[in-house]
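# Reading the structure
Below are the chains, spelled out letter by letter.
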Amino acid sequence: MPFIEINNVSFTYPDAAIPAIKNLSLQIEKGQFVVLFGSSGSGKSTLLRLLKKEIQPHGELSGEILVEGRPLKVKNEIGFVFQDPENQVVADDVLHEIVFGLENLGITPNEMRSRVAEMVHFFGAEPLLHRKTHELSGGKKQQINLASVLLMQPNILILDEPTAQLDPVSSRELLDILIRLNDEFGMTVILAEHRLEEVLPLADKIFMMEKGEISIEGDPRDVLKEIWNSPNHPFVPTIPSLFFSMNGQGIIPLTVKEGRKWVQSGIQLKKEHKKFVSIGVECLKAKDIYFRYEKKSDFILNELDFSLHKGEFYALLGGNGSGKSTFLKVLGGMLKPEKGKIDSKKKRQTIGYLPQNPKLFFIHDTVGKEIQDTIEKWGGEPAPILENLGISHLMNCHPYDLSGGELQKAAIACLLMRKPEILLLDEPTKGLDPISKRNLANILFQLNAEGVTILMSTHDIEFAALHASKCGMMFQGRITSEGQPENFFQGNFFYTTMIQRLFRGLDTVRETVESCEL
Amino acid sequence: MMFGEQSMPNQFERFHPLVTFSFYAGALSLLILMLHPVFLGTAIVVILAINYRQDHLSGVRRWLIFMMTTGLLIVIFNPLFNERGRHVLFEMGQRRFTLEAVTYGGMNALSIIGVLALFISYNEIMTPNKLLFLFSKFMPQFAILLMLTLRFIPLMKRRLAEISVIQMSKGISVTHGKWKGRVKAAMQYIQILLTYSLEEAIQTADSMKARGYGSGIRTSYEYFRFKKMDGLALFYLVMLFLLILNGRFSGYGFLNVYPIMESCQLTKMDTFTLTLFLFFLSFPLLTEIGGVFRCRLSK
């Protein structure tokens, strides 16, 4: 008997024309590590929420959901971790936060103390206990959220895109914890995730969702080929993609290790033309910038020099807290540096800034009003831009009802009305599924071709390697290295693409596949 | 001890929150009840000493102007509105200024200054955690509310800062331009702040529900243990407080102004009550001395 069984479940939100989940059936065995993926709006979150009684959305539900052969009840056998690390936090203090669930269950203080001691030890979180929650990084916050859920001793752990808001190092840390929980304690883990790169080798079973249905399911190696041949092929990670595009034979490589084995078995790669970038005149220059948020605190930007040339597509990489966001705000003239000068040949109007959280960009309650407001302020003709971005139909929507990708496009549309010459984008790839990411890349490419200079900060190394004309690394408040992606990634060990890792030290085939179309 | 302060906590801070809270509650009521210049004067000295031990008076210095003006205003305004009393100091037009009114105002001013100084020390010692702990015992729902508020106020502040930076990049600013435009912009800021916060709070509510909030009777994690020392301290405070109250309601430690003003001279019983009163107020200092002694002895 399967551990979790979903039989012919359909679910329709109130006032929705079409069901969010359509006649869906699936089975999960005890102790499995299951990955659920699909583009945003495919019904992943809805499905996961249906599994937990306490947070089931309102609407019309039919079919049956069984856990161990019994229907769901309100009991805390299922732990749920959400996407946004910040919004799940209830208390201002880490210790209060992790015991929140236990207190709700009415556990005795003695039992609580022993559970907390154990869990804190497991997470190695002793130094964090007395910290304020808002001082923690997103990754640490997400770990605290997980710890709080685990203290309630669930049998099943459900995570809804827990790493979408995290940088690569933090997401790896979180995934490592999940692997341990699954391996060492046999906990059943159900994970919704966009970035399959890291989770595919771990998964026992993967489900691809499309329009409220499960379109493909099975062991990762068995079904990857099927996904590769479907319109959802951007979901396939780099290494298997390379394998498929080369018509590779044998076992599909999922990890770098397996990939290197396959590469060494002798494959021929075709030479590709490198992107040629004509570099224009310098259009934005920062010289000797110092910045900090408060007097007496440490400098966020420290003796930073930077120059951006016309027509460039610059990707700024670097860990959390290295100062990328702050630097973009300083460049955009929103924050004043304590020392140093921003040299811009252009007026402020020509610099467009897209914040990391585009929700805060919108001041009006519909997209249309926001666009209208922009026209009043800056002039411009909206129709072609909206047409081009494919968001003309969203004019009457509230910004918060849009998906992440749509919201971003709407904000970009507002920026483009001003006819900017420079676009500053703060982590535009954050939380986007591979298909939206590809759309974004196309938009940025087109703009770049029309002569807009682009500077974006990102954690997405593959994206930077594939699309940027120049990459820079930010470390401790300054840019420590920069170069064209081909050269930039070759020297790095961690901050490098999968392909680079695959070919490291294998001289014969190096340098050939950086721009391989995946 | 689960919640150590960053610096080495002194003896008084290490007590169970119930003891600390009782001290402040007791001291507050005594400052209001014992309206006698000598009592209040010495009390202020003791409270300042407590503040000095805590943060070298940096808190008091910050509030000094406020404390002084409040005190001064009471001393000035009381005689202005209150003409009762037999000893007329001087007359101005139709108004009599009496010694009684000035004395009464002066004592109230001292009492207020004492209370403010006490609150400065209270703020330093009774961290939100301790308060939360106390409340979660008696009023669990209120404790949750307090906890959420504690997180939300700084959160909203950070969000507002973020909004203003982003909107500035769009040319909407509250610091530049015409006054009317600025007010409009500020209203819009608040509007996004509220919409956004409500939207995000839905997720917080989900996360609370997913962790079983509202599913039954809540218990609370014991951050602080009630030790034997805490029991002794509580006993000490309660006993003194009751004795002083007894004295106060037998008419000691209180300067009668109306109908007939007493002399400030202390009777024997007054002195006795004053001693008890000082023993109560200097509890934080005494524990300090006790701590030092124990340190010496153990060495």
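Residues numbered from 1 in each chain as written. Chains lettered and ligands numbered in written order. Predicted model: local features only at pLDDT ≥ 70, side-chain atom pairs only at ≥ 80, totals over all residues. Heavy atoms only, no water.

## Some details on the domain arrangement of chain A
Residues and elements named next belong to chain A.
- By the assigned domains, chain A splits into domain 1 (4-230) and domain 2 (282-509).
- Taking the mean C-alpha position of each, domain 1 and domain 2 sit 31 Å from one another.
- Contacts between domain 1 and domain 2 engage nine residues on the former and ten residues on the latter.
- Roughly 970 Å² is buried in total at the junction of domain 1 and domain 2, and carbon and sulfur atoms are behind 56% of that figure.
- Area buried by domain 1 at its contact with domain 2 is led by Asp167, His194 and Glu197, which between them contribute 40% of it.
- At the boundary of domain 1 and domain 2, one finds zero salt bridges.
- In this assembly, domain 1 and domain 2 are joined by two residue pairs in polar contact (both at pLDDT 80 or more).
- Across the side of domain 1 that touches domain 2, the residue classes tally to two nonpolar, five polar and two charged. (Domains from an automatic or database assignment. Contact = heavy atoms within 4.5 Å. Buried area = accessible area lost by both parts, 1.4 Å probe. Salt bridge = Lys/Arg side-chain N within 4 Å of Asp/Glu carboxyl O. Polar contact = N/O pair within 3.5 Å; in protein donor to acceptor, adjacent residues only side chain to side chain. Nonpolar A, V, L, I, M, F, W, Y, C, P; charged D, E, K, R; others polar.)

## Some thoughts on the pairing of strand E13 (residues 313-317) of chain A
Residues and elements named next belong to chain A.
- Of all five residues in E13, five are buried; the element is thus mostly enclosed.
- Neither face of E13 is left uncovered, since the one carrying Phe313, Ala315 and Leu317 and the one carrying Tyr314 and Leu316 both have all their residues buried.
- Pairing analysis gives four bridges linking E13 to strand E17 (residues 453-457), with the strands arranged parallel. Bridged to Ala315 within E17 is Met456. (Buried < 20%, exposed > 50% of the residue type's maximum accessible area, 1.4 Å probe, protein only. Helix = DSSP H or I, 4+ residues; strand = E, 2+ residues; numbered from the N terminus. Pairing = 2+ DSSP bridges.)

## Quick word on the packing of aromatic side chains
Residues and elements named next belong to chain A.
- Within this structure, the stated rule accounts for 35 aromatic pairs over all chains.
- Summarising the aromatic geometry, the rings of Phe313 and Phe445 are spaced 6.5 Å apart at their centres and angled 90° between planes, so their arrangement reads as edge-to-face. One end of the pair, Phe313, is in strand E13; the other, Phe445, is in helix H14 (residues 434-449), and 132 residues separate them in sequence.
- Judged by its relative accessible area of 1%, Phe313 falls in the buried class. (Phe/Tyr/Trp six-rings, centres within 6.5 Å; stacked < 30°, edge-to-face > 60°.)

## Here's the deal with a positive patch on the surface
- Side chains of A:Lys377, B:Lys178, B:Lys180 and B:Lys184 sit close together on the surface and give a patch of like positive charge.
- Looking at the secondary structure, you find A:Lys377 in helix H11 (residues 367-378).
- On the basis of relative accessible area, A:Lys377 is assigned to the partly exposed category, the value being 41%. (Patch = residues over 30% accessible without salt bridge, like charges linked within 9 Å, V, L, I, M, F, W, Y side chains within 5 Å. Areas by Shrake-Rupley, 256 points an atom, 1.4 Å probe, with all protein chains shown as cover. Lys, Arg positive; Asp, Glu negative; His and termini not counted. Charge placed at Lys NZ, Arg CZ, Asp CG, Glu CD.)

## Describing the domain arrangement of chain B
- Taken domain by domain, chain B holds domain 1 (12-131 + 223-298) and domain 2 (140-210).
- A straight line from the C-alpha centre of domain 1 of chain B to that of domain 2 of chain B covers 40 Å.

## Comments concerning the nonpolar core
- Membership of the largest hydrophobic core comes to 81 residues, with the highest contact counts inside it found for A:Phe306, A:Leu317 and A:Phe327.
- In contact with A:Leu317, other than residues within four places in its own chain, are A:Lys324, A:Thr458, A:Ile461, A:Ala464, A:Cys471, A:Gly472, A:Met473, A:Met474, A:Phe488, A:Phe489 and A:Tyr495.
- Grouped together as the second largest cluster of nonpolar side chains are 65 residues, A:Leu95, A:Leu159, B:Tyr221 and B:Phe224 included. (Core = buried A, V, L, I, M, F, W, Y, C linked by side-chain atoms within 4.5 Å.)

## Focus on empty space enclosed by the protein
- With the rule as written, the count across this model stands at eleven cavities of 30 Å³ or more.
- In this structure, the largest cavity is lined by 13 residues; those nearest its centre are A:Glu103, B:Ser136, B:Ala143, B:Arg218 and B:Ser220.
- Contributing elements (two or more residues each) for the lining of the largest cavity: helix H2 (94-105) of chain A together with helix H5 (128-138) and helix H6 (140-169) of chain B.
- It is H6(B) that provides the largest number of residues to the lining of the largest cavity, a total of four residues. (1 Å grid on protein atoms, 1.4 Å probe; cavity = no way out; pocket = protein on both sides within 12 Å on 5 of 7 lines; lining within 4 Å. Points joined across faces, edges and corners; volume = space filled by probe spheres on them.)

## Some details on the interface of chain A and chain B
- The partner chain B presents 49 residues to the 58 residues of chain A that form the contact.
- When chain A packs against chain B, close to 5000 Å² is buried across both sides, 56% of that on carbon and sulfur atoms.
- When the area that chain A buries against chain B is broken down by residue, the three leading residues are A:Asn87, A:Leu360 and A:Ile363, summing to 15%.
- In this assembly, chain A and chain B are joined by six salt bridges.
- A:Glu86 is paired through a salt bridge with B:Arg151; the nearest N and O atoms lie 3.1 Å apart.
- Counting the contacts that link chain A with chain B gives 24 residue pairs in polar contact (both at pLDDT 80 or more).
- Listed by contribution, the elements that provide at least two residues to the side of chain A that touches chain B are H2, helix H3 (109-123), helix H4 (138-150) and H11 of chain A.
- Looking at which element gives the most residues to the side of chain A that touches chain B, the answer is H2(A), with ten residues.
- Class assignment for the residues of the side of chain A that touches chain B results in 27 nonpolar, 14 polar and 17 charged.

## A closer look at the sheet that holds strand E11 (residues 282-291) of chain A
All names here are of chain A.
- Ordered by their spatial adjacency, three strands build an open sheet running E12-E11-E14, and the pairing between neighbours is antiparallel. The sheet is open, and its two borders are formed by strand E12 (301-309) and strand E14 (339-344), each paired with just one other strand. Neighbour to neighbour, the strand axes of the sheet diverge by 5° on average, direction disregarded.
- Relative to E12, E11 runs antiparallel, the two being bridged by six bridges. Directly across from Ile289, in E12, lies its bridge partner Leu304. (Axes fitted to C-alpha atoms, helices over the stretch in contact; angles between N-to-C directions.)

## Things to note about the sheet that holds strand E1 (residues 4-12) of chain A
All names here are of chain A.
- Across the sheet, which stays open at both edges, the four strands sit in the order E2-E1-E4-E5 with antiparallel pairing between neighbours. With partners counted over all chains shown, the strands left at the sheet margins are strand E2 (21-28) and strand E5 (70-71), one partner each.
- Pairing analysis gives five bridges linking E1 to E2, with the strands arranged antiparallel. Bridging across to E2, Val9 finds its partner in Leu24.

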